Amino acid sequence: MFKNFVLIFLLALWFINPSNKLILLFFLIFLVVGNQIIKKLDISLVLTFFLSSFFAIGKTYLFQLFDSKQFSNLINLSPIKITTLVQITVSDVLFALLVTYTIIACYKKIIKFNKISFIDLSLIIFFLYGIISDIIVSNNLYLSLFLKKGLFEYIFIYFFIKFAVKDHRLLYRSFLNLITSLVFFEIFVGLQQFIYSSPIGKALESTLRSASFGEVPDELSFVFRPFGTFYHANMFAIFLAVILPFFLFFMIKSQKYIFKLGFFLMVVCLILTLGRAAWLASLISSLSILFYFEYHKKIILIRSLSFKKIVLCLFLVLPLFIYSIPRVAKISNILEEGGGLNVRIKQTNEALELVSQSPLFGVGKEMSIVKAIERNPEGVFASFPSEIHNYFLLLAVENGLPYLGFFVTFLFFSFKKLIDYKTDLSFISLISLSSMMIIGLFQPFLISNLFFILLAFDYDKISKDSYGY
């Protein structure tokens, strides 16, 4: 029932297309109705906030980083100035409700923060070190601290799930239901955008930050890449790549038609996004899951395939294969001037120079582009003013090598804990998060809300009947 409610809610938002304030009202209604279905306020608050965090809706401000008139290379990209987007979102308001609930629960001693593990401590130190480094080095302190808002909220949710939510089984099942509906909704939006070859113009779309494509040697000209409700097609691709392992796993495990349909449509949208890093991660994760079933579970998957099924799959996939060939062929241009790998190599070299100048504290959140251009006005960041396309290196550039070290420590021991659970569900989460890390090597972002919620679950408390959710 909750799955259907989520999908109906999202479609209603899409077609009604309300204003920002009305969208907030809709999410408050979602919280009330969701709580009536789930019967757990703590879980309802987590899921409502989680769902709202996928939509960049709210009061939007453009913050000027520096005047670009002195840099002629930037005139075509931004005639007046280089700015960054700052938002007070619907999810921020819902997060305030969750914090209020937490304060009341702590006062009533419903929540007890005991048994803080080394993993939890490394995460706390990671966040605090980032704040301290911003205070020490950032030229725009208020901006840097404000842009840590999202990270703080997701870390808060991580600890809330670990210490406040008692019924992890119910939360996990409800989470999977929500994710399933969200995936089908994003696919619906993405396919619409592809058919129209443009954004649809709905309030849920992040059109303020949407990017253009086809301006570099290894991209296709005159091809629109759908981005769903995300601000970039690569962000949409990473979302699909991270969820794809769940659909493949449950498709094999439960044999439900909804997972077969969802898996096929996700593959279609993944190809349409033309996100090559997401393609690579999806291929690796899919092969890992198939290997898991074949050699660990001793399930011979080839027996479930018939000649008719194989022919049908090839028939359906062939047009997509033809569509993707030019993008694959463009890989040969990645080392040309302006090509994807060429730009990343140049970004890496300039970013490492920034790290060598300030290895302990970095340059401050969102200050990497400014500092790189100030240091080298003729460098790659002056012609391509975008963060270094490597999430891990970006952490080091912005807040220092220790900041990156704390994150890697948290990541390593969190992954080790997932392995130690020795359950199917923890394994699939491990594969999903590994896909996210692979893509993070080529992009300046993660799907942080998914990242922290998957690591927050206690998989020992989740029963195996979650397979048939």
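Residues numbered from 1 in each chain as written. Predicted model: local features only at pLDDT ≥ 70, side-chain atom pairs only at ≥ 80, totals over all residues. Heavy atoms only, no water.

(A) How the structure looks around the overall build of the protein. For the protein, the helix and strand inventory stands at 19 helices and two strands. Here the protein holds 469 residues, and 53% of them are scored as buried. Considering only residue pairs separated by 6 or more positions, the protein has 77% of its internal contacts joining residues 24 or more positions apart. About 21400 Å² of surface is accessible on the protein, with carbon and sulfur atoms providing 67% of the total. (Helix = DSSP H or I, 4+ residues; strand = E, 2+ residues; numbered from the N terminus. Buried < 20%, exposed > 50% of the residue type's maximum accessible area, 1.4 Å probe, protein only. Contact = heavy atoms within 4.5 Å. Areas by Shrake-Rupley, 256 points an atom, 1.4 Å probe, with all protein chains shown as cover.)

(B) A look at the side chain of Thr 229. Structurally, Thr 229 can be placed in the loop between helix H8 (168–196) and helix H9 (233–254). Separated by 2.5 Å, the side chains of Thr 229 and Glu 186 make a polar contact. Setting aside chain neighbours within four positions, we find Thr 229 in contact with Phe 54, Phe 55, Phe 185, Glu 186, Val 189, Leu 204, Glu 205 and Ser 206. (Polar contact = N/O pair within 3.5 Å; in protein donor to acceptor, adjacent residues only side chain to side chain.)

(C) View of the pattern of salt bridges. Tallied over the entire structure, the rule returns seven salt bridges. Across the salt bridge formed by Lys 149 and Asp 92, the nearest N and O atoms sit 3.0 Å from each other. Here Lys 149, found in helix H7 (residues 149–163), pairs with Asp 92, found in helix H4 (residues 90–107); they are 57 residues apart in sequence, far enough to count as distant. Here Lys 149 falls in the partly exposed class, since its relative accessible area comes to 23%. Using a relative accessible area of 11% as the deciding quantity, one classes Asp 92 as buried. Ionic pairing is found between Lys 253 and Asp 424, a salt bridge with its closest N-O pair at 3.7 Å. Here the residue Lys 253 occupies a position in helix H9, and Asp 424 occupies one in helix H18 (residues 424–440), the gap between them amounting to 171 residues. (Salt bridge = Lys/Arg side-chain N within 4 Å of Asp/Glu carboxyl O.)

(D) View of the packing of helix H2 (residues 20–38) against helix H3 (residues 41–52). Their axes nearest at 9 Å, the elements H2 and H3 cross at an angle of 140°. It follows that H2 is oblique to H3 by the angle criterion. When the axes of H2 and H3 are compared, the crossing they make is right-handed. Residues Phe 27, Phe 30, Leu 31, Gly 34, Asn 35 and Ile 38 of H2 touch H3, and the partners they reach there are Leu 41, Ile 43, Ser 44, Leu 45, Leu 47, Thr 48, Leu 51 and Ser 52. (Axes fitted to C-alpha atoms, helices over the stretch in contact; angles between N-to-C directions. Parallel < 35°, antiparallel > 145°, perpendicular 65-115°, else oblique. Left-handed = near helix turned anticlockwise from the far one by under 90°.)

(E) Spotlight on H8. The terminal C-alpha atoms of H8, which comprises 29 residues, lie 41 Å apart, in line with the 42 Å expected from a rise of 1.5 Å per residue. Positioned one or two residues after H8, Ser 197 has a phi angle of 55°, which is positive. (Expected span 1.5 Å × (residues − 1).)

(F) Structural context of the packing of aromatic side chains. Under the defined criterion, the tally for this structure stands at 56 aromatic pairs. Ring centres of Tyr 421 and Tyr 459 lie 5.4 Å apart, and the angle between their planes is 65°; on these two criteria the pair is classed as edge-to-face. Here the residue Tyr 421 occupies a position in helix H17 (residues 401–421), and Tyr 459 occupies one in the segment after helix H19 (448–456), the gap between them amounting to 38 residues. Taking the relative accessible area as the measure of exposure, Tyr 459 reaches 2% and is therefore buried. (Phe/Tyr/Trp six-rings, centres within 6.5 Å; stacked < 30°, edge-to-face > 60°.)

(G) Main features of the environment of Ser 286. Checked against the element boundaries, Ser 286 lands in helix H11 (residues 276–296). The class of Ser 286 is buried, set by a relative accessible area of 15%. Each C-alpha atom of the pair Ser 286 and Leu 248 lies 7.4 Å from the other, and the pair is 38 residues apart in sequence. Excluding its chain neighbours within four sequence positions, the residues that come into contact with Ser 286 are Leu 244 and Leu 248.

(H) Geometry of H2. Counted at 1.5 Å a residue, the expected span for H2 with its 19 residues is 27 Å, and the 26 Å between its end C-alpha atoms agrees. Considered for burial, the residues of H2 that qualify are Ile 23, Phe 27, Phe 30, Leu 31, Gly 34 and Ile 38. The arc enclosing the buried residues of H2, seen along the axis, measures out at 105°, which places them on a common side. Exposed residues on H2 whose side chains face more than 90 degrees from its buried face are Lys 21, Val 32 and Gln 36. In the core, the buried residues of H2 are packed alongside helix H1 (2–16), H3, H4 and H8. The positive-phi residue at the C-terminal boundary of H2 is Lys 39, with phi of around 70°. (Arc of directions from axis to C-beta.)

(I) Here's a closer look at the side chain of Ser 53. For Ser 53, the location among the structural elements is in the loop between H3 and strand S1 (58–67). A distance of 2.5 Å separates a polar side-chain atom of Ser 53 from the backbone oxygen of Phe 50. Among the polar contacts listed, one links the side chain of Ser 53 to the side chain of Asn 449, at a separation of 2.8 Å. Sequence-distant contacts of Ser 53, that is, excluding residues within four places in its chain, are made with Ser 91, Tyr 154 and Asn 449.

(J) Up close: the nonpolar core. With 142 residues, the main nonpolar core has Leu 51, Phe 55, Phe 175, Phe 239, Met 436, Leu 450 and Phe 451 as its most contacted residues. If one sorts the elements of this core by residue count, H9 sits on top with 17 residues. Apart from the residues lying within four places of it in its own chain, the contact partners of Phe 55 are Leu 10, Phe 27, Leu 182, Phe 185, Glu 186, Leu 204 and Thr 229. (Core = buried A, V, L, I, M, F, W, Y, C linked by side-chain atoms within 4.5 Å.)

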